[in-house]
Amino acid sequence: MLGRRLGAGFLCTSALLLGSPSSAAEEIYRRAVVLEDAVGRVELREAFGARLTVLGPCAAGPHACPETRPYDYVARLDFLVEHRSRSDGAIARSRSDRGTILLALAARPADLVSYRDLLEADVGRLAAEAFAQPFAGWEVGDPPLDVRQFALRSEGESWVCLRSEQRVAATSFHRLEREDEAIRIAQTTYDDPPTPICDEMASATEGAAPRVFETMPSPARVLELVVEHQDVIRLDDDPSTLLPVPQGILVYRQEVPARIGREFNEFREENAYGEVVRGGRRTVGFARPASIPLDALDRNAWLHRFTARALDRRLGRNSRQQAAGRFDLHVAYLPVAPACRLEPVPEGGEPALWAVLKDPPPCRERWPPSFPSVARERLLEAIAAVLERDARPPADLLEELVLEPAAGLESEDWIAVACREDGTAAYSIPPTHARARVVNAGLFCGALASRVGETRGAATVE
């Protein structure tokens, strides 16, 4: 899986904003899920001190008769390509043989070490795309199978065999030194090996444990997922513009000893209870199906549209792309009137735990109103961070991430509303995890969708 989180440049605001204009839709996250790819694989087996049948001198000629000679080094390279495809979460694998190269070298120890280093370096540089060809594109005459690499190191005749389903070919290299110290190299290729040397090299390396070299995967088909975001920020510090807590929603807050920390949630039918205790504060939320006033969107709100798009891309010569799905989620963060104040819990005491069906205490007093404050960059970064580490599709994650934001709502007393594509909506009371159904979802979500993208006022987010 390949992914990219949003970079620098997202704006953070924790100041007074009056009618901030909408930002243009911007990408906050992108990743590519590989659906099909290929990985090249080379298995290197080595043997030392093998005896091989080569052509030696006899009455018929200087290289005419079979004879057995010892060879310091014999190597076998098996080239394979593994194709992988993903379907319904399962990965199917298939392998294709790309041929085998066998080589025999008689060399001084120092030259043998340097050649093995050269061979491993060239194997390590192979790319998966090269395995579309037999032997990953290696040919006799090119590194590391070129004449000079063999002949200059060899103290005797060197051999290379290329074996595939189509053919078996053998090449011999001779280094001939003349009296003027010039070096002459003779290369002879046999379409039909003149001795069983290729089979002998294969047998000599058969029992050796392979050293495996793999290329980076080469994607052939990917599912690209992109998440875009657009918002409208419209906040002010006038307490009269705060949304009264809608009927069916109750929020309480009290001071507790700093040593206490806990979270608790209970859901029964359409009623929910949640509480969070941390940092000397206890926040309690009761959520029941509720109607959210439409005018809340115009008085004091932070409105969002998140769009997740999927694109199926086929790469390579016959490249193509097609849309594979789209998901839109509209979100409203509404600052509300302050929570009801509960009597502080004395030092050493424990706050009482309520149940969903138990009648909550009356609201005798409210906390002072807080200044609505948000951190835009922190909200988007927190969402992108979860998208990066969670493999589930964004459509399955976004609602959870926006209803219980890990960051971004800097002040207290908010209601978060998420409008789904099916026309339903849910609201939550951060940070209590208490949530319930929005009764007037059709009207509220239609109004919310129409407002994201509006431009109001002249203030900018800085």
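So, a few notes on the structure that sits alongside this text. (Residues numbered from 1 in each chain as written. Predicted model: local features only at pLDDT ≥ 70, side-chain atom pairs only at ≥ 80, totals over all residues. Heavy atoms only, no water.)

This paragraph deals with the packing of aromatic side chains. For the structure shown, the criterion picks out 8 aromatic pairs. Between phenylalanine 79 and tryptophan 138, the ring centres sit 5.5 Å apart and the planes meet at 75°, which makes this aromatic pair edge-to-face. Residue phenylalanine 79 is found in strand 3 (residues 61-87), and its partner tryptophan 138 is found in the loop between helix 1 (109-124) and helix 2 (147-151); the two are separated by 59 residues along the sequence. Taking relative accessible area as the criterion, phenylalanine 79 reaches 0% and is therefore assigned buried. (Phe/Tyr/Trp six-rings, centres within 6.5 Å; stacked < 30°, edge-to-face > 60°. Helix = DSSP H or I, 4+ residues; strand = E, 2+ residues; numbered from the N terminus. Buried < 20%, exposed > 50% of the residue type's maximum accessible area, 1.4 Å probe, protein only.)

Turning our eyes to something else, we now look at the side chain of aspartate 312. Within the secondary structure, aspartate 312 is located in strand 14 (residues 301-314). Within the structure, the side chain of aspartate 312 is placed 2.7 Å from the side chain of arginine 221, a separation counted as a polar contact. In this view, aspartate 312 contacts Leu35, Arg221, Val222, Leu223, Arg320, Gln321, Gln322 and Ala324; residues no more than four positions away in its chain are not counted. (Polar contact = N/O pair within 3.5 Å; in protein donor to acceptor, adjacent residues only side chain to side chain. Contact = heavy atoms within 4.5 Å.)

Along the polypeptide, glycine 261 turns up in the loop between strand 10 (249-255) and strand 11 (262-268). A relative accessible area of 57% places glycine 261 in the exposed class.

Now for the pairing of strand 11. Along any regular strand the residues' side chains alternate between the sheet's two faces. Bridge count for strand 11 against strand 12 (residues 271-278) is 7 bridges, and the pairing is antiparallel. Counted as the bridge partner of phenylalanine 264 is glutamate 275 from strand 12. Here strand 11 hands over to strand 12 after 2 residues, with glutamate 269 in that stretch at a positive phi of 55°. (Pairing = 2+ DSSP bridges.)

Bringing the side chain of histidine 330 into the picture now. Within the secondary structure, histidine 330 is located in strand 15 (residues 320-335). Relative accessible area serves as the criterion here: at 13%, histidine 330 is assigned to the buried category. Within the local environment of histidine 330, its side chain forms a polar contact with the side chain of arginine 305, the two groups lying 3.1 Å apart. Those residues in contact with histidine 330 that lie beyond four places of it in its chain are His304, Arg305, Val417, Ala418, Cys419, Leu448, Ala449 and Val452.

Another aspect to go through is the sheet that holds strand 13 (residues 281-287). Overall, mixed pairing links the 5 strands, which are arranged 11-12-13-10-16 in an open sheet. A single partner strand is all that each edge strand has here, and the edge strands are strand 11 and strand 16 (340-341). Here strand 12 pairs with strand 13 via 7 bridges, running antiparallel. From the neighbouring strand, alanine 272 faces strand 13, where its bridge partner is alanine 287.

Note that strand 3 and strand 4 (residues 90-105) share 14 bridges and pair antiparallel. Within strand 4, the position partnered with alanine 75 by the bridge is leucine 103. Where strand 3 folds back on strand 4, the antiparallel hairpin that results is connected by 2 residues, among which aspartate 88 adopts a positive phi of roughly 55°. Note that strand 4 and strand 5 (residues 158-163) share 5 bridges and pair antiparallel. Bridging from a neighbouring strand, leucine 102 pairs with cysteine 161 of strand 5.

For the peptide bond that leads from proline 143 to proline 144, omega is 0°, which places it in the cis range. Inspection of the secondary structure assignment puts proline 144 in the loop between helix 1 and helix 2. The omega torsion across proline 430 and proline 431 is 0°, close enough to zero to call that bond cis. In this structure, proline 431 sits in the loop between strand 18 (425-429) and strand 19 (434-437). Despite not being glycine, alanine 136 has its phi angle at roughly 50°, a positive value. For alanine 136, the location among the structural elements is in the loop between helix 1 and helix 2. Residue class for alanine 136 comes out buried when judged on its relative accessible area of 6%.

No statement about biological role is implied by the geometric values presented.
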